[in-house]
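Geometric and topological summary
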Amino acid sequence: IYFAAGVRWTIQRTAALPKPSSLRVRLAIFAALLLTLGNMGYRTFVRIGDWTTNKKLLESGVRSCPRCAKSILELSKIYGGTGGEVRVDLVKTRALIDRAHSIDPDFCDVHWQYAQLDYREHDYLKMEHHLTEALMCKFTTSSAYSMWQQYWPLITQDRTHGAEAKKRMARYIEKVEAERLRQEKEEEEEQRKAKGIGGGEEL
């Protein structure tokens, strides 16, 4: 479509040129047009290539918006083994999670990724912390709760370290409960404000 429009424009523009120089000018304009269309075609080809895999799509998104924590975190999953597109690279995975967390410290999704990575690297104390944070994040609660149910019964039954693990679990449960109460209070306050605004409009 662009090529046809470009050719048509070239013919229309060069038809009115003086005859002696019309051929030379036409060739020059036509050559410039071909270069422009060639550049456009190459950019389109490259852009289409960016959409062929999840990895390329996410890398393209990160290049366009290098401070998009969500895209960076999604890319970390690719290097962690999701989709099987690349060889697992846990060092790269952690670097990307760290980067996403540094960009947006309030982006709670990162804790679920940290928890899984720490578990794979057998760093269980760090994993417990991030698992608890992931449990309090509404976007990852379901996945974190499933892991919580599997992990704590095993670790607390250990004859050597079970007693200490129970103490840690109790502290984490207390933290989760405190966060739950805080969120409930916040939601009640928002509902109260909403009702107040609605009541005022009715009056």
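Data block above holds the structure.
We now turn to the structure provided with this report. Given the structure is predicted, the values throughout are model-derived calculations rather than measurements.

**Looking at the overall build of the protein chain**
A count of helices and strands for the protein chain gives nine helices and zero strands. Seen in sequence order, the protein chain has helices and strands lined up from the N terminus as α-α-α-α-α-α-α-α-α. Relative to its 203 residues, the protein chain shows a buried fraction of 29%. When the accessible surface of the protein chain is summed, it comes to about 14,400 Å², and 58% of that surface belongs to carbon and sulfur atoms.

**Details of helix 7 (residues 124–135)**
Over its 12 residues, helix 7 runs 16 Å from end to end, which matches the ideal 16 Å to within 8%, given 1.5 Å per residue. All of the buried residues in helix 7 are M127, E128, H130, L131, T132, E133, A134 and L135.

**Examining the state of the cysteines**
Cysteine pairs can be covalently joined through their sulfur atoms, and such a bond is termed a disulfide. Per the counting criterion, the structure on display carries one disulfide. Each sulfur of the disulfide joining C108 and C137 lies 2.0 Å from the other. Disulfide C108 to C137: torsion about the S-S bond roughly 45°, handedness right-handed. Taken as a pair, C108 in the loop between helix 5 (90–103) and helix 6 (109–120) and C137 in the loop between helix 7 and helix 8 (141–156) lie far apart in primary sequence, 29 residues in all. With no disulfide of its own, C65 lies closest to C68 among cysteine sulfurs, the gap being 4.9 Å. With relative accessibility at 38%, the residue C65 sits in the partly exposed group. Residue C68 is classed as partly exposed on the basis of its relative accessible area of 23%.

**Quick word on unusual backbone geometry**
In this structure, H122 takes a positive phi of about 60° despite not being glycine. Within the secondary structure layout, H122 lies in the loop between helix 6 and helix 7.

**Here's the deal with the nonpolar core**
I72, L73, L75, I97, A100 and V110 are the most contacted members of the largest nonpolar core, which has 16 residues in total. With six residues, helix 4 (residues 69–79) is the largest single contributor of residues to this core. With sequence-adjacent residues up to four places away left out, I72 is seen in contact with V62, P66, L96, R99, A100 and I103. In terms of nonpolar packing, the next biggest core, distinct from the first, is built from 13 residues, L135, M147, Y151 and Y172 among them.

**Quick notes on the packing of aromatic side chains**
Both the distance between ring centres and the angle between the ring planes are used here to describe each pair of aromatic rings. Inspection of the entire model under this criterion finds five aromatic pairs. Measuring from centroid to centroid gives 6.1 Å for W152 and Y172, while their planes differ by 50°, and the two rings are tilted. Here the residue W152 occupies a position in helix 8, and Y172 occupies one in helix 9 (residues 162–202), the gap between them amounting to 20 residues. The class for W152 is buried, based on a relative accessible area of 2%.

**Overview of the side chain of D109**
With respect to the helices, strands and loops of the structure, D109 is situated in helix 6. Salt bridges are absent for the buried D109, whose nearest opposite-charge side chain, K70, sits at 5.6 Å. Residues in contact with D109, not counting those within four places in the same chain, are L73, C137, F139 and T140.

**Considering the pattern of salt bridges**
Taken as a whole and judged by the stated rule, the model has 12 salt bridges. Between K55 and E59 there is a salt bridge, and its shortest N-O distance comes to 2.9 Å. In this pair, K55 and E59 both sit in helix 3 (residues 54–64), four residues apart, roughly one turn of the helix. Side by side, K55 and E59 carry an identical accessibility label, which is buried.

What counts as what
- Position numbers for residues start from 1 in each chain and track the written sequence from start to end.
- In view of the model being predicted, local features appear only for residues whose pLDDT reaches at least 70, and side-chain atom pairs are presented and counted only at 80 or more, with totals across whole chains, interfaces and linings using the full set of residues.
- With hydrogens and water stripped out, all remaining heavy atoms of the structure feed into the side-chain values.
- Numbered from the N terminus, helices here are DSSP runs of H or I no shorter than four residues, and strands are runs of E no shorter than two.
- Accessible area is worked out with a 1.4 Å probe on protein chains only. A residue is then buried under 20% of its type maximum, exposed over 50%, and partly exposed in between.
- Surface accessibility in these figures is a Shrake-Rupley result with a 1.4 Å probe; residues are shielded only by whichever protein chains are displayed.
- How far a helix is expected to stretch is found by multiplying one less than its residue total by 1.5 Å.
- Any pair of cysteine sulfurs within 2.5 Å is marked as a disulfide.
- In these notes, a set of buried Ala, Val, Leu, Ile, Met, Phe, Trp, Tyr and Cys residues joined through side-chain atoms within 4.5 Å is what counts as a nonpolar core.
- Whether two residues touch is decided by their heavy atoms; if any such pair falls within 4.5 Å, the residues are in contact.
- Classification of ring pairs uses Phe, Tyr and Trp, with its six-membered ring standing for Trp, and accepts pairs whose centres are within 6.5 Å; under 30 degrees between planes counts as stacked, over 60 as edge-to-face, and the remaining range as tilted.
- In this tally, Lys and Arg are treated as positive and Asp and Glu as negative; His is ignored, and so are the chain termini.
- When a carboxyl oxygen of Asp or Glu is within 4 Å of a side-chain nitrogen of Lys or Arg, the pair counts as a salt bridge.

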